Amino acid sequence: MDYLVVNQQIPIQFPNEIILYIKREDLIHPFIPGNKYRKLKYNLLKAKEEKKTKLLTFGGAFSNHIAAVAYAGKENNFKTIGIIRGDELASQISENPTLQFAQGCGMKFQFVTREEYKNKTADLFIEKLKKLYGDFYLIPEGGTNLLAVKGCEEVLKTEDAAFSHICCAIGTGGTISGLINSANFNQKIIGFPALKGNFLSDDIRKFATNSNWELQLDYHFGGYAKINEELIRFINDFFKQTNIPLDPIYTGKMMFGILDLINKGYFPKGAKILAIHSGGLQGIKGMNSYLKKKNLNQIIIQ
């Protein structure tokens with residue numbers, strides 16, 4: 001994983017002297033983009049240090065994390081195992097771009113029911129996996145652990161100290177935790193959860209050392225992987241105006257929320273906002289296949 005980090009910041013001007021910059025973390029790596037690159041960086045080093053030869057992790061049907069771990073394993077000579085939520089997906093690999101990609105990278109799958117998947121962190125469940133697959137390096141769902149947070153602390157650079165507000169999408173809380181830990185005290189970190197509810201605050205506090213952050217809970221569009229026509233239109237309009245693609249699970253909802261808050265006067269005059277584009281674009285193909293079946297408009301990707 002030796003790709004150069006692309007720090008392309010796109011400025012967008014607004015009334016009231018507000019400027020929004022988008023940091024293109026999605027351009028870090030063609031197949032391990034954004035926060036996935038950050039989260040895996042030190043975990044892969046640790047796996048090599050422990051002389052592990054296998055990576056095992058968890059994810060859903062169109063998981064960015066599953067795709068990233070599969071390619072990272074291929075690139076770094078690890079065998080990879082994906083525990084996939086939904087046993088019905090075993091017969092649908094050919095219809096699923098994410099699973100096809102991961103399988104093409106050499107990842108082996110074990111499909112489990114959604115009930116079984118709820119036990120993924122239980123000691124008994126992990127012991128069963130060890131009996132099945134032998135010794136492996138365990139990466140949690142979404143990739144968030146202390147080493148992942150350490151990687152995400154490297155998103156912000158010295159020049160980013162000029163921003164008053166830093167925004168990011170939230171899945172498991174690792175990315176925002178890294179931003180909180182590395183930001184200056186006078187910077188406000190704003191997270192936009194893809195999941196419904198406020199339970200992520202407790203998870204973030206396990207990793208974050210500062211208190212200069214808040215969550216905006218009104219932009220989940222119904223919960224994880226839930227979208228509607230309004231969000232699709234927004235993502236497509238944003239792409240047409242800026243040529244910047246957004247995904248419908250994370251960055252699309254974050255950007256919708258940022259612009260809505262600007263319009264509502266949430267940000268003070270002269271605010272300099274940095275939005276972290278954390279990737280997730282590989283999931284668009286899978287989402288579009290779902291939208292097509294529902295006879296809904298699809299997301300423009302090029």
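The rules behind each value
- Residues numbered from 1 in each chain as written.
- Predicted model: local features only at pLDDT ≥ 70, side-chain atom pairs only at ≥ 80, totals over all residues.
- Heavy atoms only, no water.
- Helix = DSSP H or I, 4+ residues; strand = E, 2+ residues; numbered from the N terminus.
- Rg over C-alpha atoms; globule rule 2.2 N^0.38 Å.
- Buried < 20%, exposed > 50% of the residue type's maximum accessible area, 1.4 Å probe, protein only.
- Contact = heavy atoms within 4.5 Å.
- Areas by Shrake-Rupley, 256 points an atom, 1.4 Å probe, with all protein chains shown as cover.
- Lys, Arg positive; Asp, Glu negative; His and termini not counted.
- Charge placed at Lys NZ, Arg CZ, Asp CG, Glu CD.
- 1 Å grid on protein atoms, 1.4 Å probe; cavity = no way out; pocket = protein on both sides within 12 Å on 5 of 7 lines; lining within 4 Å.
- Points joined across faces, edges and corners; volume = space filled by probe spheres on them.
- Nonpolar A, V, L, I, M, F, W, Y, C, P; charged D, E, K, R; others polar.
- Pairing = 2+ DSSP bridges.
- Expected span 1.5 Å × (residues − 1).

### Considerations on the overall build of the chain
Moving on, step 1. Helix and strand counts for the chain come out as eleven helices and ten strands.
Moving on, step 2. On C-alpha atoms alone, the chain measures out to a radius of gyration of 19 Å, which is about the 19 Å that the 2.2 N^0.38 rule sets for 302 residues.
Moving on, step 3. Classification of the 302 residues of the chain by burial places 55% in the buried group.
Moving on, step 4. Here the analysis covers contacts within the chain between residues at least 6 apart in sequence; of these, 73% occur between residues at least 24 apart.
Moving on, step 5. Total accessible area on the chain is roughly 14,100 Å²; 51% of this is exposed by carbon and sulfur atoms.
Moving on, step 6. Side chains of the chain carry 38 positive and 29 negative charges; the gap between the two charge centres is 3 Å.

### Re the layout of surface pockets
Moving on, step 1. Counted as a void, the second largest pocket has a volume near 590 Å³.
Moving on, step 2. Along the walls of the second largest pocket sit 23 residues, with P30, F31, P33, L281 and Q282 positioned nearest its centre.
Moving on, step 3. Listed by contribution, the elements that provide at least two residues to the lining of the second largest pocket are α2 (64–75), α3 (97–104) and α11 (284–293).
Moving on, step 4. When the residues that make up the lining of the second largest pocket are grouped by side-chain class, the tally is twelve nonpolar, seven polar and four charged.

### What about unusual backbone geometry?
Moving on, step 1. Positive phi outside glycine occurs at N16, with the angle close to 65 degrees.
Moving on, step 2. Residue position: N16 is located in the loop between β1 (9–13) and β2 (19–23).
Moving on, step 3. For N16, a relative accessible area of 43% translates into the label partly exposed.
Moving on, step 4. Despite not being glycine, N77 shows a phi value in the positive range, around 65 degrees.

### Description of the sheet that holds strand β3 (residues 54–59)
Moving on, step 1. The strand order across the open sheet built from four strands is β5-β4-β3-β6, with neighbouring strands paired in parallel fashion. Bordering the open sheet on either side are β5 (108–112) and β6 (137–138), each of which pairs with just one other strand.
Moving on, step 2. Pairing analysis gives five bridges linking strand β4 (residues 79–85) to β5, with the strands arranged parallel. Bridging from a neighbouring strand, G82 pairs with F109 of β5.

### Side note on helix α10 (residues 251–263)
Moving on, step 1. With 13 residues, α10 extends 18 Å between its outermost C-alpha atoms, agreeing within 8% with the 18 Å of an ideal straight helix rising 1.5 Å per residue.
Moving on, step 2. In terms of burial, α10 is a largely internal element, twelve of the 13 residues being buried.
Moving on, step 3. Those residues of α10 that are buried lie in contact with β2, β7 (165–170), β8 (188–193), α9 (229–242) and β10 (272–276).
Moving on, step 4. Positioned one or two residues after α10, G265 has a phi angle of 80 degrees, which is positive.

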